[in-house]
Amino acid sequence: MSAISRRTFLKDAGSLAVPAGILAAAGALRLSANPLGMPIGCQTWPVREMIAKDFPGTIKQLAAAGFQSIELCSPVGYADSGFAGLAKYKGAELRKILGDAGVLCGSCHFQIEELRANQQDRIAWAKDVGLTQMLVPTLDGPKNPTMDDVKRAADEYNKIAEKSAQAGIQQGLHTEDFELSMVGGQRTYDVLLGLLDPKLVKFQFQVANISRGYDAAEYFTKYPGRFLSMHVQGWSTQTKKMMPVGQDSLDWKKIFSTAKTAGIKNYFVEMNLDLMKASVPYLRSLQI
């Protein structure tokens, strides 16, 4: 998500190919009891204020809470949101901090503006850190787009994704206001699924978008192989509020079962820290 929409949203509430060195440092993770055998992950946006003060300490806290992988936000695109301090670390230093805490990291969010400005530099940083996926929160189109607007955005991102693919990095698209708009009587999100190259661009599903009518299992079933990741939030359809995963009203067995068909390779819980911590026991016990 973009910095502004993350703040507003949370206030209301390719394969994770990991370098051998990081995997060894992470130790013997107990994956078998987790959904689809994937590490329990979390997005670091909800703890951005903690990261701004103490990145190593925050990562240790997340690991102690039971998170085995994290998704970062770029120190360039999210500099004003608590992540600027990551720039002081070299890639090897970041990997050591994560490895020492027993945490994997193969994914990070980047603003599309920073990719437009200097994609090669951002790719170099991603590879230095050991990332295998670069996600953009939005293609940054207008909230009320024309079909030409959508086509232009898709064409631009296909070209960005092609450059990343040449460097061995998978590009992925999250969802913000532009992607959740309507165009020509259709959901812009669905139009983009048709316009973006399925080999170059994967999608990261925001489960909490159920509040806007976007059902994870429905999309995972309708578009097999098009998703690489998801942001996980517990959601109560009765109270219309976020809740810990497993204490909410969503059918998580169905979501994770269809996620396999969709191509999901990793997932990241993204709520306030207390809700994220409270979600870990259920995710540890959930078997598909």
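Quick note: structure is the one above.
This section reports on the structure supplied with the text.

Calculation rules
Residues numbered from 1 in each chain as written. Predicted model: local features only at pLDDT ≥ 70, side-chain atom pairs only at ≥ 80, totals over all residues. Heavy atoms only, no water. Salt bridge = Lys/Arg side-chain N within 4 Å of Asp/Glu carboxyl O. Buried < 20%, exposed > 50% of the residue type's maximum accessible area, 1.4 Å probe, protein only. Helix = DSSP H or I, 4+ residues; strand = E, 2+ residues; numbered from the N terminus. Pairing = 2+ DSSP bridges. Axes fitted to C-alpha atoms, helices over the stretch in contact; angles between N-to-C directions. Right-handed = clockwise from strand over helix to strand, strands pointing away.

Using the criterion set out here, one finds nine salt bridges in the structure. Across the salt bridge formed by R122 and D121, the nearest N and O atoms sit 3.1 Å from each other. Residue class for D121 comes out partly exposed when judged on its relative accessible area of 38%. The partner of K143 in a salt bridge is D177, with the nearest N and O atoms 3.8 Å apart. Placement of K143 in the loop between β4 (133-136) and α7 (147-166) and of D177 in the loop between β5 (170-173) and β6 (182-183) is noted, with a sequence separation of 34 residues between them.

Pairing within the closed barrel is parallel, and its eight strands lie in the order β1-β2-β3-β4-β5-β8-β9-β12. Between one strand and the next, the sheet's axes are offset by a mean angle of 30°, whatever the strand orientation. As paired strands, strand β8 (residues 201-206) and strand β9 (residues 227-232) are joined by four bridges and run parallel to one another. Considered in β9, the bridge of Q206 is made with H231.

Right, let's talk about the pairing of strand β2 (residues 69-73) for a bit. Among the five residues in β2, five count as buried, and that is most of the element. Taking every second residue as pointing to the same face, both faces of β2 are buried, with S69, E71 and C73 on one and I70 and L72 on the other. The pairing of strand β1 (residues 41-43) with β2 spans three bridges and is classified as parallel. Bridging from a neighbouring strand, G41 pairs with S69 of β2. Bridge analysis of β2 against strand β3 (residues 104-109) gives four bridges, and the strand direction is parallel. Its bridge partner lying in β3, S69 is registered against L104. Traced from β2 through helix α5 (residues 91-100) to β3, the parallel crossover comes out right-handed.

The quantities given are spatial measurements derived from coordinates; they are silent on function.
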